Amino acid sequence: MSTVLDKLKKAEECVWINDNLKPAAEALATIEFNSDFVADAAARLERFAPLIMHYFPETCETKGIIESPLTEINNMKAILNEEGAGLEGRLFLKRDSDLKVAGSVKARGGVYEVLKHSEDLALEAGLISGYDDDYLKLGTEDARKFFSQYKIQVGSTGNLGMSIGIMSAALGYDAIVHMSMDAKQWKKDLLRSRGATVIEYDGDYGKAVEQGRAESDADPKSYFVDDENSSALFLGYAVAAGRMDKQFKEQGVIVDEDHPLFVYIPCGVGGAPGGVAFGEKLLYGDNVHVFFVEPTQCPCMVVGLATGKMNDICVQDIGLTGITEADGLAVGRPSGLVSRFMDVLLSGEFTVEDAKLNPYLRKLWKSEGLYIEPSSCATFIAPSTVSTDESCKEYIAAHGLTDKMSNATHIVWATGGSMVPQEIREALLNG
Ligand SMILES: *Cc1c(COP(=O)(O)O)cnc(C)c1O
């Protein structure tokens, strides 16, 4: 462990294997949520589907359910293997980069939390009479006028702000997004064009959250989306696993004792990857192995987990800058809620240098014609090294998987990209 911490301090790429990982049943029993909570969240999203279609006609194709394709990426696998990855089994990209409404994984948790809050307000005010009422009533002029008395606020490095801002502005709320200095200009511009108010800060994400929370708390008609502690966000993300399970069945992917599943997700504060990981563990138990990926200068979750200090430590405490091109991952301190869950559920973490992000981005574009944003690209370090890294090999052997890896399925979770404007895409592809 100490050697990993040394590497983290020196901002060297490393792999951390979680010694606290528990058998899934035992781990899940320590967590206050269970599959009923995830089913409740999935049902809520179904109730809102007609309203989602009303405001976002691009979701009509999927009947108001915001979901992303699962695409096998054999050409990319071949490239990684030419570079010495030695990856066996099937490699897929879970394309949350193409989620409608917000163009990132935040279209799961962020949209869900806004809808949950709206349902609570609407039920209380009698705009709808119950869960079986017509949710299109929440899209009328009267409903918009009702929601416009309320504020929804959030602190964000970019993508969470986009999902909360776009969704709450669409419903009629006064949407206020507190953006950290890492946030890209185009994300601020896009939000303003959708009617959200963007407040910019010189400081990092922690600062934006702190300010947003203080302003919201001072206003009884304001609701603050708390990325560091929100159970609604977490459960919105967790719905992903059951949806992907359907895609597995369509594509002939088996997950069982002889067919292990490896899932790699980039991590910022931990909410999105943590929620997804939780959903996966509920479904596949010990047959799924979830790893997070973080930038070498901003590996907040692994620092929290490896030291056992969780959200009582930040990356600056070990001498790192917290600065990274991966804007979606530029969070210096992990979620307390999620780090506690991941302590017993997560298999491990990879860290990656910023210098690798753009090369991965270009290789994926060239080999598969798929565009994802730099933060998402971080994840490719995992399939690149999981078969050759010594500590990964030990993990695989310890789980009795060495001779089963040819049956493995590897999922690279692409967390954002479809909303990146054309000129910025070109700059990244050519730069
Ligand atoms: C937000 C985000 C993540 C990580 O999610 P957290 O909840 O912050 O851990 C990863 N990739 C992208 C593109 C994101 O926007």
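Described below are features of the structure shown in this document. (Residues numbered from 1 in each chain as written. Predicted model: local features only at pLDDT ≥ 70, side-chain atom pairs only at ≥ 80, totals over all residues. Heavy atoms only, no water.)

Moving on, we come to the sheet that holds strand 5 (residues 174–179). In space, the 4 strands of this open sheet follow the order 6-5-4-7, with parallel pairing throughout. Looking at the sheet topology across the chains shown, the edges are occupied by strand 6 (197–200) and strand 7 (222–225). Averaged over neighbouring strand pairs, the angle between their axes works out to 20 degrees when direction is ignored. Sitting on the sheet, helix 7 (residues 159–171) is in contact with strand 4 (151–156), strand 5 and strand 7, with an inclination near 165 degrees to strand 4. (Pairing = 2+ DSSP bridges. Helix = DSSP H or I, 4+ residues; strand = E, 2+ residues; numbered from the N terminus. Axes fitted to C-alpha atoms, helices over the stretch in contact; angles between N-to-C directions. Contact = heavy atoms within 4.5 Å.)

Pairing within the open sheet is mixed, and its 7 strands lie in the order 1-10-9-8-11-3-2. Both outer strands of the open sheet, strand 1 (15–17) and strand 2 (70–72), are each paired with one neighbouring strand and no more. The mean inter-strand angle of the sheet, taken between neighbouring strand axes irrespective of direction, is 25 degrees. For strand 9 (residues 288–295) and strand 10 (residues 348–352), the ladder comprises 5 bridges, and the chain directions are parallel.

Moving on, we get to the side chain of Thr-415. The topology assignment puts Thr-415 in the loop between strand 11 (409–414) and helix 19 (422–430). Take Thr-415: its relative accessible area is 10%, and that puts it in the buried class. Thr-415 has contacts with Asp-96, Ser-97, Ser-104, Val-105, Ile-265, Pro-266 and Ser-376, leaving out every residue within four places of it along the chain. (Buried < 20%, exposed > 50% of the residue type's maximum accessible area, 1.4 Å probe, protein only.)

Tallied over the full model, the rule gives 25 salt bridges. With a shortest N-O distance of 3.2 Å, Asp-120 and Lys-116 are connected by a salt bridge. Of this pair, Asp-120 and Lys-116 both sit in helix 5 (residues 106–125), 4 residues apart, roughly one helical turn. Note on Lys-116: relative accessible area 25%, which makes it partly exposed. Close ionic contact of Glu-200 with Lys-188 constitutes a salt bridge, the shortest N to O distance being 3.0 Å. Placement of Glu-200 in strand 6 and of Lys-188 in helix 8 (residues 185–193) is noted, with a sequence separation of 12 residues between them. Its relative accessible area of 42% is what places Glu-200 among the partly exposed residues. A single salt-bridge network, built from bridges that share partners, covers Glu-67, Lys-94, Asp-96, Arg-108 and Arg-243. (Salt bridge = Lys/Arg side-chain N within 4 Å of Asp/Glu carboxyl O.)

Another point: the site of the ligand. Around the ligand, the structure places 16 residues, and the nearest of them are Lys-106, Asn-159, Gly-268, Gly-270 and Thr-415. The contact in question runs from an oxygen atom of the ligand to an N or O atom on the backbone of Gly-270, over 2.7 Å. Across the shell around the ligand, the residue classes break down as 6 nonpolar, 8 polar and 2 charged. (Near = heavy atom within 4 Å. Polar contact = N/O pair within 3.5 Å; in protein donor to acceptor, adjacent residues only side chain to side chain. Nonpolar A, V, L, I, M, F, W, Y, C, P; charged D, E, K, R; others polar.)

Quick look at the environment of Leu-45 now. With respect to the secondary-structure elements, Leu-45 resides in helix 3 (residues 35–55). It is 8.7 Å that separates the C-alpha atoms of Leu-45 and Gly-64, two residues lying 19 residues apart in sequence. Apart from the residues within four sequence positions on either side, Leu-45 is in contact with Ile-65, Tyr-112, Leu-115, Val-239 and Arg-243.

Here we come to helix 15 (residues 357–368). The terminal C-alpha atoms of helix 15 lie 16 Å apart, and with 12 residues this matches the ideal 16 Å at 1.5 Å per residue to within 8%. Tucked into the core, helix 15 has its buried residues touching helix 4 (74–82), strand 3 (90–95), strand 10, helix 16 (374–377), helix 17 (381–385) and helix 19. A positive phi of about 70 degrees marks Gly-369, the residue just after helix 15. (Expected span 1.5 Å × (residues − 1).)

This brings us to unusual backbone geometry. Within the chain, Ala-11 stands out as a residue other than glycine whose phi angle is a positive 55 degrees. Position of Ala-11 among the secondary structure elements: in the loop between helix 1 (2–9) and strand 1. We classify Ala-11 as buried; its relative accessible area is 19%.

Attention shifts here to the side chain of Thr-296. With respect to the secondary-structure elements, Thr-296 resides in the loop between strand 9 and helix 13 (300–307). Ignoring anything within four residues of it in the chain, the contact list for Thr-296 reads Leu-8, Ala-11, Glu-12, Glu-13, Leu-320, Thr-351, Val-352 and Glu-353.

Next up on the list: the pairing of strand 8 (residues 261–266). Most of strand 8 is tucked away: 6 of the 6 residues are buried. With 6 bridges joining them, strand 8 and strand 9 adopt parallel strand pairing. In the strand pairing of strand 9, Pro-266 is matched with Val-293. Taken together, strand 8, helix 12 (residues 271–284) and strand 9 form a β-α-β motif whose crossover is right-handed. Note: strand 8 against strand 11, 4 bridges, orientation parallel. (Right-handed = clockwise from strand over helix to strand, strands pointing away.)

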